[in-house]
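Fold and contact review
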Amino acid sequence: MTVQLKRPSSLRHFVTPVAVVAVLAVVFAWVATLDLDSIEARTLNAGYLIDRTREHLVLTVVSSALVAVLAIPTAVLAHRVRSRVVRAIVVTLGNIGQATPAVGVVILLAIVWQTGFTTALVSLVAYCFLPVLRNTLTGLEQVDAATREAARGMGMTPNQVLWRIELPLASPVILAGLRTALVFSVGVATIATFINAGGLGDMIVNGLKLQRFSVLLVGAVLVAAIAVLIDWAAGLVEDRVRPRGL
Amino acid sequence: MTGLHLVRLDEFLARRWEDVVDLTLQHLAAVAISLALATAIGVLIGLLVWDRPVPRAVSLTAAGIAITIPSLALLALLSPVLGLGWVPTIVSLVFYSLLPIVRNTVVGLREVPGHLVESARGMGMTSTRVLLTVQLPLAWPVIVTGVRVAAQLTVGIAAIAAYVAGPGLGVYIFRGLSSLGSVNALNFALTGTLCVVLLALLIDGVFVLVTRYSTPRGLRV
Amino acid sequence: MSEPTAGVGIELSDVTKRYPGQKTGAVENFSLKVEPGELLMFVGPSGCGKTTTMKMINRIIEPTSGSITIDGEDVLSLNPDELRRHIGYVIQQIGLFPHMTIAENIGTVPKLLGWSKSRIAERVDELLRTVALDPAVFAKRYPKQLSGGQQQRVGVARALAADPPVMLMDEPFGATDPITRLRLQEEFRRLQADIGKTIIFVTHDFDEAVRLGDRIAVLSERSRIEQCDTPANILAAPANDYVAGFIGRGAGLMRLALIPIGEVSLEAPSAESPALGVDGSLRDALDLLVLTGAERVNVTDAGGAVAGSLTHAGISAALGASRSPAGSAS
């Protein structure tokens, strides 16, 4: 039996980003061979691409960070309270939240409030809050009761049990929830284009409206590439942060 | 704040309820068709790759990537080839449903205790027969859960399909967007969104029943 | 290495536990005095309240009424977390922390008490060796890499880490196979002989209680003490039918197993009788008599020389004399 628990070999893990970069390279190479008309030229240049990508990433990352900062402490509190009512409320709201279409939330918020970047950010946070909250709560509850009792029986205060035992043991589930939220956010940030929030959705929508396939393709492939890469990166973090021995 | 007033939502609904019902049925049809296709394809893939590590890893990774691609991007990418409307909608919904279904099929089949498979083989059953008459029924609850997850996903994603002239309640949601500033904008968007929510909850409820009644008697807890 | 802390006395007076909505409690008016350094077994069927009673001592379950003192100090007036850091606690499911190494698991309470890293490391090594696990191999492993019996030993080591004077153990060897359990019991008996802590040990296995305990409290519903006495006294004179039911048959043989040959006066040896060592029990002697059909068996001392002999009559006499005067039931 090995003395040290080995982490999975990381060479296999580089297949994904290599494949993504290859696809991007092919697409850009193809675009380079095209004669671009004025509309396409305005869109398919480095400046425009970088701007849209930056907007998209900011939306995704900032909203996910906000969700983490808001939802995880809330879940910890809900867990501490240990009330069945609270739990039932969280689960019910979570179910309703999951049944709600993202595009509906985005557009409703835009109608009721205003269009633009801030609205997109708020709707992203609102949309991802409940799944992360529910995931974190479930993760904390799944910690084995015997482990918890042993910890309290040894004299750990409730806070110590939370930080040293419950959170580390729940971390795989919590991280999985955050990873899903991140990937979701990339998708919903694409929809943000409908409410003038910018992002790569702009390219897709323009490409469709103006019947310029090249613009459409680059926008769609870029957004897909970002989503896949973020998912891959989140997976790496998940593996690294997961406590050994679990 | 601009539109925070439900101007005559009741009148709005009274006038358009036929529309709403029609769109809801379209939405339901789109979801049902794609789920049916995805289940057939997904379970088949699962049956073929569950015990072969390399094809299994490839299928799961491919399905995983499919679900990671943002829905608008996928719809847009399909449009030059498949046009607009029902076809690209169904195709992309099937794509998205594949991961939960394939993954749950594989997991469900693998979790069937080894000794059951062994005793079945010991009785003289071929491995295909064991797969279909022993493993598949035992894995069924897990598979149905996968279809249920896929259903929840597709109900939400189908709402975006309206942007590429697809069917369903997304039409109302986007109508709300395009009539931004007008009196009925909120009514349209709210009706569309709420109907999607209700439809999703309803479908989930149906799945709870389906799971219970299609699980073999001996397995029911 | 270090001199282990000697055990201290525990006293429970009229301890009652009633859950809301219950008319009669899970534990009613439980009173018991545990002597320093004593290994006291709580024996009873499931649901009799023995575990509940034990868990009130470290306030995992709070008593409804009554008082509990450890070394004279009222347990209920202390901060519960502080209290528990000075009580070793072993539960049935062990509860090793899966995300920590064995060394980190064992070092949990010392770390809570603020020991230095080097002191903790030394202590971990010492304890692993005490429970017969090689520190070089096991310290860095994770619980899931250990067998059930090994995990249980780590659980005991973890409870001993901060050298508490009192230990509470709830069926600690329950989740192992019978062979491993016997071995663990044997090792534990030797360990307790060295360290002399005050231990309350809950079990439903009467044989285990007889094998390990200095005294046994036989409990019935609501943790009622049917009899509390040394194993030998209980076996010789069960207080009522309930206790007798626990003992089952073969009480005489069980008692013989508790009497070492060395404590009994021997008769003159004979030339051709079969022999056994003086380190055995009277039951071993009887076993040999029955197996060989001989009239008497010779007893050899540590050096191999014949020291005396035993007959059936001599063994029965020793049994009759083995009851200690005035069996104590508190």
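What counts and how
- Residues numbered from 1 in each chain as written.
- Chains lettered and ligands numbered in written order.
- Predicted model: local features only at pLDDT ≥ 70, side-chain atom pairs only at ≥ 80, totals over all residues.
- Helix = DSSP H or I, 4+ residues; strand = E, 2+ residues; numbered from the N terminus.
- Rg over C-alpha atoms; globule rule 2.2 N^0.38 Å.
- Buried ≥ 20, exposed ≤ 12 C-beta atoms within 10 Å, placed from the backbone.
- Contact = placed C-beta atoms within 7 Å.
- Nonpolar A, V, L, I, M, F, W, Y, C, P; charged D, E, K, R; others polar.
- Pairing = 2+ DSSP bridges.
- Axes fitted to C-alpha atoms, helices over the stretch in contact; angles between N-to-C directions.
- Parallel < 35°, antiparallel > 145°, perpendicular 65-115°, else oblique.
- Left-handed = near helix turned anticlockwise from the far one by under 90°.
- pLDDT = per-residue confidence, 0-100.
- Core = buried A, V, L, I, M, F, W, Y, C linked by C-beta atoms within 7 Å.
- Expected span 1.5 Å × (residues − 1).
- Bend = angle between axes of the 7 residues up to and from the residue.
- Right-handed = clockwise from strand over helix to strand, strands pointing away.

This part is about the overall build of chain C. Each helix and strand in chain C was counted, giving 14 helices and 13 strands. For 330 residues, the compact-globule estimate of 2.2 N^0.38 gives 20 Å, and chain C sits close to it at 22 Å. Seen along its three principal axes, the alpha-carbon backbone of chain C occupies a region of about 65 × 55 × 35 Å. When the 330 residues of chain C are sorted by exposure, 42% land in the buried category. Expressed as a percentage of contacts within chain C between residues at least 6 apart in sequence, the contacts between residues at least 24 apart total 66%.

Further remarks concern the overall build of chain B. A tally of helices and strands in chain B yields 8 helices and 0 strands. The N-to-C order of helical and strand elements in chain B reads α-α-α-α-α-α-α-α. Along the longest, intermediate and shortest principal axes, the C-alpha atoms of chain B span 70 × 40 × 30 Å. A buried classification covers 44% of the 221 residues belonging to chain B. When contacts within chain B are restricted to residue pairs at least 6 apart in sequence, long-range pairs at least 24 apart make up 74% of them.

This part takes up the interface of chain B and chain A. On the chain A side, the residues contacting the 34 residues of chain B number 32 residues. For the side of chain B that touches chain A, the secondary structure elements donating two or more residues are helix H2 (53-68), helix H3 (71-82), helix H6 (127-158), helix H7 (170-178) and helix H8 (185-214) of chain B. Among the residues making up the side of chain B that touches chain A, the classes are represented as 23 nonpolar, 11 polar and no charged.

Mapped onto the elements, Ala65 of chain A comes out in helix H3 (residues 46-81). Separated by 41 residues in sequence, Ala65 of chain A and Leu24 of chain A have C-alpha atoms that sit 27 Å apart.

Our focus in this paragraph is unusual backbone geometry. Residue and element names in this part refer to chain A. The phi angle at Asn196 is positive, at roughly 60°, despite the residue not being glycine. As for its position among the elements, Asn196 is in the loop between helix H8 (158-191) and helix H9 (201-209). You can call Asn196 partly exposed: it has 14 C-beta atoms within 10 Å.

Now for the sheet that holds strand E11 (residues 275-277) of chain C. One key point about sheets: their strands pair by backbone hydrogen bonds, in either a parallel or an antiparallel sense. Residues and elements named next belong to chain C. Sheet architecture is open: 3 strands sit in the order E11-E12-E13, paired in mixed fashion. With one partner strand each, in any of the chains shown, E11 and strand E13 (306-311) form the two edges of the open sheet. Strand-to-strand twist in this sheet, taken as the mean axis angle between neighbours without regard to direction, amounts to 35°.

Between H9 of chain A and H3 of chain B, the least distance of the axes is 10 Å, while the angle of their chain directions is 25°. In terms of orientation, H9 of chain A lies roughly parallel with respect to H3 of chain B. Classified by chirality, the crossing of H3 of chain B by H9 of chain A is left-handed. Side by side, H9 of chain A and H3 of chain B meet where Gly201, Ile204, Gly207 and Leu208 of chain A of the first sit next to Leu72, Ala73, Ala76 and Ser79 of chain B of the second. Across the contact of H9 of chain A with H3 of chain B, the residue classes tally to 5 nonpolar, 3 polar and no charged.

This paragraph deals with the confidence of the model for chain B. For chain B, the mean per-residue pLDDT works out to 87, and 94% of the residues sit at or above 70. Of all the helices and strands in chain B, helix H5 (residues 114-122) of chain B carries the lowest mean pLDDT, 82, while helix H4 (residues 86-110) of chain B carries the highest, 92.

Before going further, it helps to examine the nonpolar core. Within the largest apolar cluster, 215 residues are counted, with the highest numbers of intra-cluster contacts made by Val106 and Ile107 of chain A. It is H8 of chain A that provides the largest number of residues to this core, a total of 15 residues. Residue contacts for Ile107 of chain A: discarding those within four places in its chain leaves Phe194 and Ile195 of chain A together with Ile173, Gly176, Leu177 and Ala189 of chain B.

Between chain C and chain A, the residue contacts involve 23 residues of the former and 21 residues of the latter. Of all the elements in the fold, those that place two or more residues in the side of chain C that touches chain A are helix H2 (80-84) and helix H4 (108-112) of chain C. Split into classes, the residues belonging to the side of chain C that touches chain A amount to 10 nonpolar, 6 polar and 7 charged.

Glancing now at H4 of chain B. One full turn of an α-helix is made of 3.6 residues, so residues set three or four places apart face in the same direction. In this model H4 of chain B runs 36 Å from its N-terminal to its C-terminal C-alpha over 25 residues, within 8% of the 36 Å that 1.5 Å per residue would give. Where H4 of chain B bends most, at Leu98 of chain B, the angle is about 35°, and the proline Pro100 of chain B comes one to four residues later.

Residues and elements named next belong to chain C. Where burial is concerned, most of strand E12 (residues 296-300) is hidden: 4 out of the 5 residues are buried. Of the pairings in the sheet, the one linking E11 to E12 comprises 3 bridges and is parallel in character. Directly across from Ala275, in E12, lies its bridge partner Asn298. In this region the chain leaves E11, passes through helix H13 (residues 282-292) and returns to the parallel neighbour E12; the handedness of that crossover is right-handed. Relative to E13, E12 runs antiparallel, the two being bridged by 5 bridges. Opposite Val297, over in E13, you have Leu310 as the bridge partner. Count of turn residues in the E12/E13 antiparallel hairpin: 5 residues, of which Gly304 carries a positive phi of about 105°.

Residues and elements named next belong to chain A. One can find Pro131 in helix H6 (residues 117-141). Its 19 C-beta neighbours within 10 Å are what place Pro131 among the partly exposed residues. On a C-alpha basis, the gap between Pro131 and Ser38 in space is 44 Å, while along the polypeptide they are 93 residues apart. The residues touching Pro131, leaving out its near neighbours within four places in the chain, are Gly94, Gly97, Gln98, Gly177, Thr180 and Ala181.

Listed as buried for helix H12 (residues 251-258) of chain C are Met254, Arg255, Leu256 and Ala257 of chain C. Where the residues of H12 of chain C are buried, they touch helix H9 (206-212), helix H10 (231-236), H13 and helix H14 (312-321) of chain C.

Considering every one of the 2 pairs of chains in contact, the largest contact total is recorded for chains A and B. Between chain B and chain C there is no contact, and the shortest C-alpha to C-alpha distance separating them is 20 Å.

All names here are of chain C. Ordered by their spatial adjacency, 4 strands build an open sheet running E2-E1-E4-E5, and the pairing between neighbours is antiparallel. For this open sheet the edge positions go to strand E2 (27-34) and strand E5 (73-74), each flanked by a neighbour on one side alone. On the sheet, helix H1 (residues 50-57) packs against strand E1 (10-17), E2 and strand E4 (65-70) and is oriented at approximately 120° with respect to E1.

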